[in-house]
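This is what each chain is made of:
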Amino acid sequence: MQGIRAATGADLARLVLVGAIWGSSFLCIDIALTALPPTSIVASRLLLGALVLVSLLWSGGHRLPTNLRIWGLLVVIGFLNSALPFMLISWGQQFISGGRSAILMAAGPFLVVLMSHLWTHDDRLTGPKLGGMLLGFSGVILLVGYDALFGRSESFAGQMAVIGATACYGVSAILTRHVASVPPLVNSAIVLASAAVYMVPAALLIDHTWTLQPAPTPLLALVWLGLFPTALAYLLRFQIIQTVGATFMSQVSYMVPMFAILWGWLFLSQVPPGRAWIALALIMGGLYLSRRPSTIQAGHGR
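Just so it is clear, the model here is predicted, and its values are computed rather than measured. Along each chain, the written sequence defines residue order, and numbers are assigned to residues from 1. Residues qualify for local features only when their pLDDT is at least 70, as the model is predicted, and side-chain atom pairs are given and counted only at 80 or more; totals for whole chains, interfaces and linings, by contrast, use all residues. As a convention, hydrogens and water are excluded, and side-chain values are obtained from all of the structure's heavy atoms.

## A look at the side chain of Ser25
We count it as follows: For helices the rule is a DSSP run of H or I covering at least 4 residues; for strands it is a run of E covering at least 2, with both sets numbered from the N terminus onward. Working definition: with a 1.4 Å probe on protein chains only, accessible area under 20% of the residue-type maximum means buried, over 50% means exposed, and in between means partly exposed. Side-chain atoms alone can form a polar contact between residues adjacent in sequence; in general such a contact is a pair of N or O atoms within 3.5 Å, and within protein one must be able to donate a hydrogen while the other accepts it. Whether two residues are in contact is decided by their heavy atoms, any of which lying within 4.5 Å being enough.
Residue placement: Ser25 occurs in helix H1 (residues 9-32). For Ser25, a relative accessible area of 6% corresponds to the buried category. At 2.6 Å, the side chain of Ser25 and the backbone oxygen of Trp22 are in polar contact. The residues touching Ser25, leaving out its near neighbours within four places in the chain, are Leu225 and Pro229.

Put into structure tokens, the structure is as follows:
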């Protein structure tokens, strides 16, 4: 497994760009759900994203992996990194807003920190990281526990689905480091194509997608989902993970909730309730504690 290097300013700029693009995905899912079922949304964005990246792969004359183990890992990553989490998020957002979904996604870095400690040699758990995890999860408990205590079962189920998606991303981020020898474009194209192979037949079978006639606005939201949060952002994600590590990539969760809330406020007038802001503050505080520069150095064994 290839080692990682220290992050640069260019890496940080790419991280912010991914945060802004991924933040927009929650808004677009909310819009697409007004006319399309979750399975069709996921299948469409995966198919469009895969077509874009496979076209780039073909036109650039890139070579595909020849190792069957690499292919097996990429197919598994396609399920855990795209097909399953996309489905969980889209299904969950039927019951909760995009802003709340994004806040819950911020739990992802804490899972990545724990998994990286268990499964890698250069991304170790430290005391501050553990403290940050506990603080951040207290925010998740505040946000989710409200609906659990007051019996809002659909909202609770939606939040659990989003949290399940964060676990999928955590596992796939670690697995991605085991295919570091594969160029990011090849990696991303195979992952999205394999995920589309999972989801397109499912959408055709479940939704009879060919019968759907979405209005222009949900259709445009779907196109944006396929081109930017799926194709472009995933290509950038693989580049970042392979060069500077899954834990650095996990810091995108600082930015995604903020951008998601901003886009939802600007375009859908969605304003999170007071407890959501408190939960976000706890999660962001936990992220800061676990990702301070001194902590990062200790976590990378330097």
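## Remarks on the nonpolar core
Cut-off, in case you're wondering: Put simply, buried Ala, Val, Leu, Ile, Met, Phe, Trp, Tyr and Cys residues joined by side-chain atoms within 4.5 Å make one nonpolar core.
Residues Val18, Trp22, Leu46, Met249 and Ile283 are the most contacted members of the largest nonpolar core, which totals 83 residues. Of all the elements, helix H9 (residues 216-244) adds the most residues to this core, at twelve residues. Setting aside chain neighbours within four positions, we find Trp22 in contact with Pro229, Ala233, Tyr234, Arg237, Met249, Val252 and Val256.

## Some thoughts on a nonpolar patch on the surface
What counts is decided by this rule: Only residues whose relative accessible area exceeds 30% and that take part in no salt bridge are eligible for patches, with like-charged residues grouped when within 9 Å of each other and nonpolar side chains (Val, Leu, Ile, Met, Phe, Trp, Tyr) grouped when within 5 Å. The protein chains shown are the only cover counted for residues, whose accessible areas, like all others here, come from Shrake-Rupley with a 1.4 Å probe. Basic side-chain nitrogens of Lys or Arg form a salt bridge, by our definition, when they fall within 4 Å of a carboxyl oxygen of Asp or Glu.
A cluster of nonpolar side chains, namely Leu262, Trp265, Leu266, Phe267, Leu268, Val271 and Trp277, defines an oily patch on the protein surface of about 720 Å² accessible area. Broken down by element, the nonpolar patch gets its largest block of residues, five residues, from helix H11 (residues 252-268). Among the secondary structure elements, Trp277 is positioned in helix H12 (residues 274-290). Residue class for Trp277 comes out partly exposed when judged on its relative accessible area of 40%.

## Points about helix H4 (residues 98-105)
Burial analysis of H4 places eight of its eight residues in the buried class, which makes it a mostly covered element. Along H4, the positions that sit buried rather than exposed are Gly98, Gly99, Arg100, Ser101, Ala102, Ile103, Leu104 and Met105.

## Observations concerning the environment of Val179
Along the chain, Val179 falls in the loop between helix H7 (153-176) and helix H8 (184-207). C-alpha of Val179 to C-alpha of Gln242: the two residues are 63 residues apart in sequence and 8.4 Å apart in space.

## Let's talk about the confidence of the model for the protein
In plain terms, the rule: Predictor confidence is given residue by residue as pLDDT, running from a minimum of 0 to a maximum of 100.
In the predicted model, the protein carries a mean pLDDT of 84, and 87% of its residues have values of at least 70. The weakest mean pLDDT in the protein belongs to helix H13 (residues 293-299) at 39; the strongest belongs to helix H3 (residues 68-92) at 96. Contacts from residues 294-302, a stretch scored under 50 in pLDDT, to residues over four places away or in other chains number 21 contacts.

## Describing the pattern of salt bridges
All chains considered together, the criterion is met by two salt bridges. Among the salt bridges present, the one from Arg5 reaches Asp11, with a minimum N-O distance of 2.8 Å. For Arg5, a relative accessible area of 39% puts it in the partly exposed group. A salt bridge links Arg14 to Asp11; the nearest nitrogen and oxygen atoms lie 2.5 Å apart. Here the residue Arg14 and the residue Asp11 both occupy positions in helix H1, the gap between them amounting to three residues, near one helical turn. Overlapping salt bridges, with partners in common, bring together Arg5, Asp11 and Arg14 in one network.

## Things to note about the environment of Trp71
Tracing the chain through its elements places Trp71 in helix H3. Placed 120 residues apart in sequence, Trp71 and Val191 show a C-alpha to C-alpha distance of 9.5 Å.

## Comments concerning the side chain of Ser172
As for its placement among the helices and strands, Ser172 is situated in helix H7. In this structure, Ser172 is in contact with Ile77, Leu80, Asn81 and Arg237, ignoring residues within four places of it in sequence.

## Focus on H1
Spelled out, the test is: Expected helix span is taken as 1.5 Å per residue step, with the number of steps being one fewer than the number of residues.
Relative to the 34 Å expected for 24 residues at 1.5 Å per residue, H1 spans 35 Å between its end C-alpha atoms, a close match to the ideal helical length. Most of H1 is tucked away: 17 of the 24 residues are buried.

## Brief notes about the packing of H4 against H7
Which entries qualify depends on this criterion: Here, axes are lines fitted to C-alpha atoms. For helices the fit covers the stretch in contact, and angles between N-to-C directions go from 0 to 180 degrees. Throughout, the term roughly parallel applies to angles under 35 degrees, roughly antiparallel to angles over 145, roughly perpendicular to angles from 65 to 115, and oblique to all others. Crossings are classed by handedness, with left-handed meaning an anticlockwise turn of the near helix from the far one by less than a right angle and right-handed meaning a clockwise turn. Lys, Arg, Asp and Glu make up the charged group, whereas Ala, Val, Leu, Ile, Met, Phe, Trp, Tyr, Cys and Pro make up the nonpolar group; the residues left over, Gly among them, are polar.
Across the interface, H4 lies against H7 with an axial gap of 9 Å and an inter-helix angle of 40 degrees. Relative to H7, the element H4 is oriented oblique. Crossing geometry of H4 relative to H7 is assigned as right-handed. Counting all contacts with H4, which are made through Arg100, Ser101, Leu104 and Met105, the residues of H7 involved are Ser155, Gln159, Val162, Ile163, Ala165, Thr166 and Tyr169. Looking at the contact of H4 with H7, its residues break down into six nonpolar, four polar and one charged.

## Topic: the packing of aromatic side chains
Our working rule: Each pair of aromatic rings taken from Phe, Tyr and Trp, with Trp reduced to its six-membered ring, is defined by centres within 6.5 Å and is described as stacked if the planes are under 30 degrees apart, edge-to-face if over 60, and tilted in the remaining cases.
Applying the stated criterion across every chain yields a total of six aromatic pairs. For the ring pair Phe79 and Tyr198, a centre distance of 5.4 Å and an interplane angle of 75 degrees mean the geometry is edge-to-face. Of this pair, Phe79 sits in helix H3 while Tyr198 is found in helix H8, placing the two residues 119 residues apart along the sequence. Ring-pair connections join several aromatic residues into one group, and the members of that group are Trp22, Phe86 and Tyr234.

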